[in-house]
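A structural walkthrough
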Amino acid sequence: MILILLGPPGAGKGTQAALISEKYNIPHISTGDIFRQNIKNKTKLGLEAEGYIHNGLLVPDELTIKIIEERLNEKDCRNGYLLDGFPRTVFQAESLKKYYLGIKEHIDLVFFLEVNLDLVIKRNTGRRICSCCGRCYHVYFTPPKHKDKCDTCGGCLIQRKDDTESVILERLSVYLEQTMPLVDYYVKAKILYKLCGDEEITKVFENMCKIIDNCN
Ligand code: ADP
Ligand code: ADP
Ligand code: ZN
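Since we're looking at a predicted model, the values are computed, not measured.

Turning next to helix H3 (residues 44-54). Structural remark: α-helix, 3.6 residues per turn; residues separated by three or four positions point the same way. Looking at H3, one finds that the buried residues are Leu45, Gly46, Ala49 and Ile53. Summarising the axial view, the buried residues of H3 lie within an arc of 80°, below the 170-degree limit, and thus occupy one face. Those residues of H3 that are exposed and aimed more than 90 degrees away from the buried face are Lys44 and Leu47. Elements that come into contact with the buried residues of H3 comprise helix H2 (31-40), helix H4 (61-72) and helix H7 (165-179).

Structural data, given as C-alpha cells:
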C-alpha cells in the first residue's frame, strides 16, 4: 500500500502519518524529517538543504527526488509506505510517476488535509518537537505532561527554526503556489480524498482509516 499525505504546513500530516504507520505497519517517510536529521548531523545534504528550509523555501527538486528515491529503494519499503511532505511540486509528482512506471507500482491513495488558515498558523506557532526522539507536541492542543519535556524520552522540547511567524507565512505562500496544484493533479488521477483537518486528531485518523480499509 502506497499512501501520500498532502496539506499545508501544520495540517497534521506528520501526526496522522505516525498513527497510520503504527496501525498499518508501514514506514512513515517524511522528507522534512530526513532533511532535519541531516541538518542536525551536519551532513553534506544537511548543509545544502539548511538555507532553503530555514527561509521557508523548498529544497530544489533534483536534490529532493534523489533523496526520496534512495529511501524508497530501501528494504523496509517493499510492502508499501506513507509519504508525508513528498511530492510538493508538480515536477516531483511527475518524477514519482515515472519512478513507479519503471518499477510497476502505483499510488493507492492521496489524502488531502484541508485546514482553516487561522488554525494552520496556530498549529505551526505552537508546535514543539523533541530534540532527542522527534516526537511532536503542541503547546495548546497536545501539551507534554511536564513543561518542555518529552513524555516518551524526557528529551528537551524545541521549536523548529522555520516555525516562526514570518517563515510560516513564507511557507504558506510557497505551499499555495507550488504544492496546491497537486490537489487538481491527483483529482484528475482519481486517487485524491479530501479530509477536514480542522477536526480532532482522533477524528481525522478515524476518517482516514475508513478510507484505507475500504480500499483494501
Ligand atoms: P504537518 O506535518 O502537516 O506540518 P504536524 O503533524 O506536525 O503537521 O502538526 C502541526 C502541529 O499541530 C503539531 O504541534 C501537532 O501536535 C498539532 N496537531 C496536529 N493535528 C492536530 C489536530 N487535528 N488538532 C489539534 N492539533 C493538531
Ligand atoms: P511542514 O509540512 O510542516 O511545512 P515538513 O517537515 O514537511 O514541514 O518540511 C519542512 C521543510 O523541508 C519545507 O518547508 C521544505 O523547505 C523542506 N521540504 C520538505 N519536503 C520537501 C519537498 N518534497 N520538496 C522540497 N522541499 C521539501
Ligand atoms: Zn522524545
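Only Cys130 (SG), Cys133 (SG), Cys150 (SG) and Cys153 (SG) from the protein reach the zinc ion (ligand 3) as donors, at distances of 2.3 Å. For the zinc ion (ligand 3), the four donor atoms in the first shell make angles of 98 to 118° at the metal, so the coordination geometry reads as tetrahedral. Expressed as a motif, the donor residue spacing for the zinc ion (ligand 3) is C-x2-C-x16-C-x2-C. Residue classification places Cys150 among the buried positions, given a relative accessible area of 5%.

In this section: the UniProt feature "binding site: AMP" (unreviewed entry) in the protein chain. The UniProt record annotates "binding site: AMP" (unreviewed entry) at Thr31, Arg36, Leu57, Leu58, Val59, Gly85, Phe86, Pro87, Arg88, Gln92, Arg160 and Arg171. Taken along the chain, the residues just named run across 141 residues; in space they spread out, the farthest C-alpha pair reaching 24.6 Å. With respect to the element layout, Thr31 can be found in helix H2. Here Thr31 is in contact with Thr64, Ile68, Asp84, Gly85 and Phe86, once residues within four sequence places are set aside. Mapped onto the elements, Gly85 comes out in the loop between strand E3 (81-84) and helix H5 (90-103). Beyond its immediate chain neighbours, meaning those up to four positions away, Gly85 contacts Leu5 and Thr31.

Parameters and conventions
Residues numbered from 1 in each chain as written. Chains lettered and ligands numbered in written order. Predicted model: local features only at pLDDT ≥ 70, side-chain atom pairs only at ≥ 80, totals over all residues. Heavy atoms only, no water. Buried < 20%, exposed > 50% of the residue type's maximum accessible area, 1.4 Å probe, protein only. Helix = DSSP H or I, 4+ residues; strand = E, 2+ residues; numbered from the N terminus. Arc of directions from axis to C-beta. Contact = heavy atoms within 4.5 Å. Donors = N, O, S within 2.8 Å, 3.2 Å for Na, K, Ca; no water. Tetrahedral: all angles 85-135°; square planar, octahedral: opposite > 155°, others 65-115°. UniProt positions renumbered as here; feature names shortened; annotations may be inferred.

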